[in-house]
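Coordinate analysis (summary)
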Amino acid sequence: MKQKYSERPQETWLEVLHNVPGGACVVHFNENVIEVPAESEEAEPQFEADYYSFETAFRNGLEESVSQNREIWLAAAMKKEIEEKNLTLEERVKNLETMQDDLTLAILGV
């Protein structure tokens, strides 16, 4: 998916949602980063990139593992995006219902 940025984005970064081993974590990727010319002399330059993400469990050394094996992680994120686009309406509804249940349990601390 194309994403726009006001600053040059990193190619890879982790978003640790729960900083404990096994906690939720999202690995973010940007590919084909380009600078989009400003529309006027006063405007700041913009950047555009192909964006992918992959949810995984946090663990010590994860960032190093992703850096050393970036192509494998990126391929998994790209595959996940294709699979999500090909879901049927019924599968999407089921995923939303499961997500709602997971969020409810997380809020309750269960």
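Look a little higher up for the structure.
In short, a report on the structure. (Residues numbered from 1 in each chain as written. Predicted model: local features only at pLDDT ≥ 70, side-chain atom pairs only at ≥ 80, totals over all residues. Heavy atoms only, no water.)

1. Things to note about the sheet that holds strand E2 (residues 12-16)
Operational definition: What makes two strands pair is DSSP finding at least two bridges between them. Going along the chain from the N terminus, every DSSP run of H or I of four or more residues is numbered as a helix, and every run of E of two or more is numbered as a strand. Between the N-to-C directions of two axes lies an angle of 0 to 180 degrees, each axis being a line fitted to C-alpha atoms and, for a helix, fitted only over the stretch in contact. Contacts are assigned to residue pairs with any non-hydrogen atoms lying within 4.5 Å of each other.
Reading across the sheet, the four strands line up as E1-E4-E3-E2 and stay open at both edges, with antiparallel pairing between neighbours. In this open sheet, the two strands that pair with only one neighbour each are strand E1 (2-5) and E2. Neighbouring strand axes in the sheet, compared pairwise and without regard to direction, differ in orientation by 40 degrees on average. Running at roughly 90 degrees to strand E4 (residues 46-57), helix H2 (residues 70-85) makes contact with E2, strand E3 (24-36) and E4 of the sheet.

2. Considerations on the pairing of E4
The pairing of E1 with E4 spans four bridges and is classified as antiparallel. Residue Tyr5 lies in a different strand from E4, and its bridge partner there is Phe47. As judged from the 11 bridges shared by E3 and E4, these two strands associate in the antiparallel manner. From the neighbouring strand, Val36 faces E4, where its bridge partner is Gln46.

3. Some points on H2
This is how it is decided: In this scheme, a helix's expected span is set at 1.5 Å multiplied by one less than its residue total. Residue burial is assigned from relative accessible area. The probe radius is 1.4 Å, only protein chains are included, and a residue is buried under 20% of its type maximum, exposed over 50%, and partly exposed in between. To be clear, the arc concerns the directions from the helix axis to the C-beta atoms.
Between its first and last C-alpha atoms H2 spans 23 Å; for 16 residues at 1.5 Å apiece the expected length is 22 Å, and the two agree. Among the residues making up H2, those that are buried are Arg70, Trp73, Leu74, Ala77 and Glu81. Seen along its axis, H2 keeps its buried residues to an arc of 100 degrees; they face one direction. Exposed and facing more than 90 degrees away from the buried side of H2 are Glu71, Ile72, Lys79 and Ile82.

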